[in-house]
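Examination of the molecular architecture
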Amino acid sequence: MIVAICSSSSVEVLFYRCMLAYHLFVCWYRVEYPVYTPADKTYGGKWKYLTHWNAMLQLFYYLLFGTLSILTSSLPTSLRKLRDYLYHVLILPLSVFVAAMFWGLYHWDREMVFPAWLDEMITPFFNHQKHTAIIIWSIAELLLVHHVVPSFTHGLLLAVLFPSCYLMTVLYVNYQSGVWAYPILGVLDSTGLGLFLAACIMGYVALFWVSATLGRTTGRARQTVKID
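For every chain, the first residue of its written sequence is number 1, and the numbers climb from 1 along that sequence. The model is predicted, so local features are restricted to residues of pLDDT at least 70 and side-chain atom pairs to those at 80 or more, both for listing and for counting; the totals for chains, interfaces and linings are taken over all residues. Hydrogens and water are ignored here; the side-chain numbers use all heavy atoms of the structure.

1. Section: the overall build of the chain
Per the secondary structure count, the chain includes eight helices and zero strands. As defined in this context, the radius of gyration uses C-alpha atoms, and a globule is described by 2.2 Å times the residue total to the power 0.38. Computed over its C-alpha atoms, the radius of gyration of the chain comes to 19 Å, within 12% of the 17 Å expected for a compact globule of 228 residues. Structurally, the chain occupies a C-alpha span of about 55 × 40 × 30 Å along its principal axes. Classification of residues uses two cut-offs on accessible area relative to the type maximum, computed with a 1.4 Å probe and protein chains only: under 20% is buried, over 50% is exposed, and between them is partly exposed. Evaluated residue by residue, the chain yields a buried proportion of 44% over its 228 residues. Contacts are residue-level and defined by heavy atoms, with any inter-residue pair within 4.5 Å sufficient. Long-range contacts, defined here as pairs at least 24 residues apart, represent 85% of the contacts in the chain between residues at least 6 apart. Counting from the N terminus, the helices are DSSP H or I runs at least four residues long and the strands are E runs at least two residues long.

Next up, the structure:
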C-alpha cells in the first residue's frame, strides 16, 4: 500500500517557499564557489551535460513557483496547469533519470561519468546537490503537493521531444569537436550507440508513465487519508 501525506494549501505554500530558499542558497553557493572542470571549457561547456540541463530546469521551476508562493497562496488555473504539466513530464522523470543513470554508472565504473580526479575539484555538497537532492525534492513534492496529472497522450510529445533534443545536442557537440559528453558514448560502435540512445528515449518515456501513475495513485490516497 502506498501512503501519501495529506496535502493542504498551507503545506504546498511552505514546500515551495522552502524550495525557493534552498535554490537561492544553491545560486549563492555556485557564485561563491564556482567549479569549472577541464571538460567544461571544451565545446558546448556545461550545456552538453544532462545534469546541467536538469539543474537549470529545477532552478527555473522552483524559483518561479517559490516566488509565486510568496506573491499568492492560490495559483491561477493556467499557472497551476503549467506547474502540474512541467512536474510530471519533466521535473520528476528527469530527476529520476539523472540520479539513476549517474549513480548506476558511478558504481559500475565511475571513470565513465565522474573520474576520481574530480573529487579534488567538486565538493560532496555540490555533487549530491546535482545528483542526489534532485530526486529527494521531486519525491517530496509528489507526496506533499496535489497535482492534476496530464494524460499520457498529452505529455507524450514533450516526453519524447525533450530527451531527443538533448541527445541531438550531444551528437552535435561530438560532430563539431570530437568530444563526447560522457566517455561511455565513445566506447560504443554505431549500432551500440544507436541502441543506447533509443533506449534512453524509451526509458525516459517509461519514467513519465511511472510519474503519471504515481501521481494518480497518491492523488487517490489523499482522498481517503484524513489528518485531524
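Having put the structure on the table, let's press on.
2. Describing the nonpolar core
Core analysis: the largest hydrophobic core is formed by 50 residues, its most contacted members being L50, Y61, Y166 and Y182. Put simply, the parts of the chain that give this core at least two residues each are α1 (9-32), α2 (50-71), α3 (77-109), α5 (133-144), α6 (152-177), α7 (183-186) and α8 (190-224). Per-element accounting of this core gives the leading share, twelve residues, to α3. Setting aside residues no more than four positions away along its own chain, Y182 makes contact with K48, Y49, L50, T51, M112, V113 and Y166. Residues enter a nonpolar core if they are buried and are Ala, Val, Leu, Ile, Met, Phe, Trp, Tyr or Cys, with the set joined through side-chain atoms within 4.5 Å.

3. Considering a nonpolar patch on the surface
Residues F152, L156, V160, W209 and V210 make up a contiguous nonpolar surface patch of roughly 400 Å² in combined accessible area. The topology assignment puts W209 in helix α8. For patch detection, residues must exceed 30% relative accessible area and be free of salt bridges, and they are connected within 9 Å for like charges or within 5 Å for nonpolar side chains (Val, Leu, Ile, Met, Phe, Trp, Tyr). Per-residue accessibility takes into account occlusion by the displayed protein chains alone, with areas from the Shrake-Rupley method and a 1.4 Å probe. Salt bridges are counted wherever a side-chain nitrogen of Lys or Arg sits within 4 Å of a carboxyl oxygen of Asp or Glu.

4. Structural notes on the packing of α2 against α5
In this analysis, axes come from line fits to C-alpha atoms, helices being fitted only over the stretch in contact, and the angle between any two N-to-C directions falls in the range 0 to 180 degrees. Contact pair α2 / α5: the axes reach a minimum separation of 12 Å and the direction vectors enclose 40°. Put simply, α2 runs oblique to α5. α2 and α5 meet at a crossing whose hand is left-handed. Residues N54, Q58, Y61 and Y62 of α2 touch α5, and the partners they reach there are I134, W137, S138 and E141. Each residue gets one of three labels, nonpolar for Ala, Val, Leu, Ile, Met, Phe, Trp, Tyr, Cys and Pro, charged for Asp, Glu, Lys and Arg, and polar for the others, Gly among them. The residue inventory of the contact of α2 with α5, partitioned by class, reads four nonpolar, three polar and one charged. Here roughly perpendicular refers to angles of 65 to 115 degrees, roughly parallel to angles under 35, roughly antiparallel to angles over 145, and oblique to all remaining angles. Should the near helix be turned anticlockwise from the far one by less than a right angle, the crossing is left-handed, and should it be turned clockwise, the crossing is right-handed.

5. Side note on the packing of aromatic side chains
Any two of the Phe, Tyr and Trp rings considered here, Trp counted by its six-membered ring, make a pair once their centres fall within 6.5 Å; the pair's planes then place it as stacked at under 30 degrees, edge-to-face at over 60, or tilted in between. Inspection of every chain in the model, using the stated rule, returns 24 aromatic pairs. Look at F102 and F114: their rings are 5.9 Å apart centre to centre, the planes differ by 80°, and that puts the pair in the edge-to-face class. With a gap of twelve residues between them, F102 in helix α3 and F114 in the loop between α3 and α4 (124-131) connect regions that are remote in the sequence. The two residues F102 and F114 agree in class, both being buried. Put simply, the rings of F15, Y16, Y61, Y62 and F65 pair up and form one aromatic cluster.

6. Considering the state of the cysteines
Throughout, a disulfide means two cysteine sulfur atoms within 2.5 Å of one another. Using the criterion set out here, one finds zero disulfides in the structure. Among the cysteines around C18, which has no disulfide bond, C27 carries the closest sulfur, lying 16 Å off. The exposure class of C18 is partly exposed, given its relative accessible area of 42%. Free of any disulfide, C200 has its nearest neighbouring cysteine sulfur in C165, separated by 15 Å. For C200, a relative accessible area of 10% corresponds to the buried category.

7. Some thoughts on the side chain of K48
Relative to the assigned elements, K48 resides in the loop between α1 and α2. The buried charged residue K48 lacks any salt bridge partner; its closest oppositely charged side chain belongs to D40, at an N-O distance of 5.7 Å. Separated by 2.8 Å, the side chain of K48 and the backbone oxygen of A39 make a polar contact. From its side chain, K48 meets the backbone oxygen of Y43 in a polar contact 3.2 Å long. Those residues in contact with K48, other than ones at most four positions away along the chain, are A39, T42, Y43, Y166, V170, V173, V179, A181 and Y182. The charge count treats Lys and Arg as positive and Asp and Glu as negative. His and the chain ends do not count. For this analysis, a polar contact is any N or O atom pair within 3.5 Å, provided that within protein one partner can donate a hydrogen and the other can accept it, and provided that sequence-adjacent residues contribute only side-chain to side-chain pairs.

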